Amino acid sequence: MKSVALIAALLLGAGAAQAAELPFSKERKEWNVPHRPFHIIGNIYYVGMTGVSAFLIVTPRGNILTDGGLPESAPFIEKNIRALGFKLADVKILLNSHAHFDHSGGLAQLKKDTGAKFYASAGDQPFLESGHITFGPAEKIDTTPIHVDHVVKDGESISLGGTTLTAHVTPGHTKGCTTWTTSVQDGGVTRSVMFFCSISVAGNPLTGVAAYPNIVSDYRASFARLEKMKTDIFLAPHGNQFGLDDKLPRLKPGAPNPFVDPGELPRFIAKAKADFEDALAKSKKP
Ligand SMILES: [Zn+2]
């Protein structure tokens with residue numbers, strides 16, 4: 001009896017300690033609050049949660065879903081897809097901005113339920129296929145491993161039903177962080193769209209990272225690359241990165257689409273770059 005009680009106490013103690021240590025415990029509850037799905041522009045729909053995004057790109061030959069949210073987001077994303085009148089089985093391609101649990105965590109379930117092929121970059125492939133990333137705060141949070149059916153190269157374009165998406169590998173936040181671009185037709189006008197990966201430091205160690213020695217040069221190269229890019233519509237893995245709460249109430253028939261803002265990407269990148277350099281300077285102080 002005594003030993004059973006002791007083992008139980010040890011197990012409970014270990015469980016409690018582990019739960020307390022997990023990063024983002026508070027955030028993931030807030031991020032996973034359900035959000036109503038809606039039409040953004042052209043053939044693009046929002047099907048994500050309050051704090052973590054998922055976008056559905058609809059074509060006559062099937063649909064593309066980018067990002068799977070948290071592991072616990074998958075049923076809500078599926079519900080949102082259905083609520084818009086689309087079928088899960090029509091999702092043919094799954095994409096991922098980057099291999100962090102809050103954007104790739106739901107993908108294994110979504111792949112199983114849709115039968116879609118999963119496309120991801122070589123840089124993030126090992127993390128996605130093992131369910132474990134080897135650096136940054138997310139290394140404590142594993143996800144269900146997901147097989148990469150097609151390894152996407154930098155600059156590669158993929159097409160489905162008349163829609164073409166181009167991959168831009170913008171590493172730093174993760175090794176294979178992938179920004180996707182496409183274009184939509186909006187009332188007779190062609191507009192460029194970016195599904196931004198992310199470039200925040202987000203607790204990533206910037207110095208002495210054995211698992212990612214060139215992290216700083218990767219971040220800087222990605223900033224330089226993103227500074228040269230242009231987009232009319234900037235979409236990102238977290239709603240607060242692209243002003244979801246501000247824009248959605250202004251999305252009204254007959255009014256200019258609030259998601260069209262060519263100034264947003266340069267503003268975002270300038271701020272993120274300053275934040276990165278600040279974090280790097282702090283990390284070098286003894
Ligand atoms: Zn991330």
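Data block above holds the structure.
Attention in this report is confined to the structure presented alongside it. Just so it is clear, the model here is predicted, and its values are computed rather than measured. (Residues numbered from 1 in each chain as written. Predicted model: local features only at pLDDT ≥ 70, side-chain atom pairs only at ≥ 80, totals over all residues. Heavy atoms only, no water.)

**Digging into the sheet that holds strand S9 (residues 163–169)**
Now for step 1: Taken together, five strands build an open sheet; the order of strands is S8-S9-S10-S11-S12 and the sheet is mixed. Two strands bound the open sheet, and with one partner strand each, they are strand S8 (157–160) and strand S12 (233–235). Averaged over all pairs of adjacent strands, the angle between strand axes in this sheet comes to 25 degrees, irrespective of strand direction.
Now for step 2: Note that S9 and strand S10 (residues 178–186) share four bridges and pair antiparallel. Bridge pairing in S10 links His168 to Thr179. (Pairing = 2+ DSSP bridges. Helix = DSSP H or I, 4+ residues; strand = E, 2+ residues; numbered from the N terminus. Axes fitted to C-alpha atoms, helices over the stretch in contact; angles between N-to-C directions.)

**Comments concerning helix H3 (residues 74–83)**
Now for step 1: Buried within H3 are the following residues: Ala74, Ile77, Glu78, Asn80 and Ile81. Looking straight down H3, one finds that the buried residues subtend no more than 160 degrees of arc, so they occupy a single side. Away from its buried face, by an angle of more than 90 degrees, H3 presents the exposed residues Lys79 and Ala83.
Now for step 2: Elements in contact with the buried residues of H3: strand S3 (55–59), strand S4 (62–66), strand S5 (91–95) and helix H5 (107–114).
Now for step 3: Gly85 sits one or two positions beyond H3 and adopts a positive phi of about 95 degrees. (Buried < 20%, exposed > 50% of the residue type's maximum accessible area, 1.4 Å probe, protein only. Arc of directions from axis to C-beta. Contact = heavy atoms within 4.5 Å.)

**Remarks on the nonpolar core**
Now for step 1: Ile40, Leu56, Leu65, Ile81, Phe195, Leu235 and Phe242 are the most contacted members of the largest nonpolar core, which has 79 residues in total.
Now for step 2: Other than its neighbours up to four places away in sequence, Phe195 contacts Ile44, Phe55, Ile57, Thr66, Leu165, Thr178, Thr179, Trp180, Thr182 and Leu235. (Core = buried A, V, L, I, M, F, W, Y, C linked by side-chain atoms within 4.5 Å.)

**Observations concerning the sheet that holds strand S1 (residues 38–41)**
Now for step 1: Taking strand neighbours across the sheet as the criterion, the seven strands line up as S1-S2-S3-S4-S5-S6-S7 in an open arrangement whose pairing is mixed. Each having just a single partner strand, S1 and strand S7 (150–152) make up the two edges of the open sheet. For this sheet, the mean angle separating the axes of adjacent strands, direction not counted, is 30 degrees.
Now for step 2: Note that S4 and S5 share four bridges and pair parallel. The residue bridging Asn63 from the neighbouring strand is Val91, located in S5.
Now for step 3: Docked against the sheet, H5 engages S4, S5 and strand S6 (117–121), running at close to 165 degrees with respect to S5.

**Side note on the side chain of Asn257**
Now for step 1: Along the chain, Asn257 turns up in the loop between helix H8 (244–247) and helix H9 (264–284).
Now for step 2: A polar side-chain atom of Asn257 sits 2.9 Å from the main-chain carbonyl oxygen of Ile40. (Polar contact = N/O pair within 3.5 Å; in protein donor to acceptor, adjacent residues only side chain to side chain.)

**Points about the packing of aromatic side chains**
Now for step 1: Per the counting criterion, the structure on display carries 17 aromatic pairs.
Now for step 2: Ring centres 5.1 Å apart and planes at 70 degrees place the aromatic pair Tyr45 and Phe86 in the edge-to-face group. With Tyr45 in strand S2 (residues 44–46) and Phe86 in the loop between H3 and S5, this pair connects stretches of sequence that are 41 residues apart. As far as burial versus exposure is concerned, Tyr45 and Phe86 are alike and both buried.
Now for step 3: Centre to centre, the rings of Phe55 and Phe195 are 5.4 Å apart; their planes meet at 55 degrees, and the pair counts as tilted. (Phe/Tyr/Trp six-rings, centres within 6.5 Å; stacked < 30°, edge-to-face > 60°.)

**Re the pattern of salt bridges**
Now for step 1: With the rule as written, the count across this model stands at twelve salt bridges.
Now for step 2: Ionic pairing is found between Asp275 and Lys271, a salt bridge with its closest N-O pair at 2.8 Å. Of this pair, Asp275 and Lys271 both sit in helix H9, four residues apart, which is roughly one turn of the helix.
Now for step 3: Asp275 sits in the partly exposed class, given a relative accessible area of 39%. (Salt bridge = Lys/Arg side-chain N within 4 Å of Asp/Glu carboxyl O.)

**Side note on the state of the cysteines**
Now for step 1: A complete count under the given rule lists one disulfide for this structure.
Now for step 2: Covalently, Cys177 is tied to Cys197 through a disulfide, its sulfur atoms 1.8 Å apart. Classification of the bridge connecting Cys177 and Cys197 rests on its S-S torsion, roughly -90 degrees, and on that basis the disulfide is left-handed. Of this pair, Cys177 sits in the loop between S9 and S10 while Cys197 sits in the loop between strand S11 (189–195) and helix H7 (215–228); the two residues are 20 residues apart in sequence, bridging distant segments of the chain.
Now for step 3: Taking the relative accessible area as the measure of exposure, Cys177 reaches 0% and is therefore buried.
Now for step 4: Residue Cys197 is classed as buried on the basis of its relative accessible area of 0%. (Disulfide = S-S within 2.5 Å.)

**Structural notes on the layout of surface pockets**
Now for step 1: Its boundaries defined by the atoms lining it, the largest pocket holds a volume of some 440 Å³.
Now for step 2: Taken together, 23 residues form the lining of the largest pocket, with His173, Ser198, Ser200, Ala202 and Gln241 sitting closest to its centre.
Now for step 3: Elements that contribute at least two residues to the lining of the largest pocket include exactly helix H4 (101–104) and H9.
Now for step 4: A total of five residues in the lining of the largest pocket trace back to one element, the largest contributor, which is H9.
Now for step 5: Looking at the lining of the largest pocket, its residues break down into eleven nonpolar, nine polar and three charged. (1 Å grid on protein atoms, 1.4 Å probe; cavity = no way out; pocket = protein on both sides within 12 Å on 5 of 7 lines; lining within 4 Å. Points joined across faces, edges and corners; volume = space filled by probe spheres on them. Nonpolar A, V, L, I, M, F, W, Y, C, P; charged D, E, K, R; others polar.)

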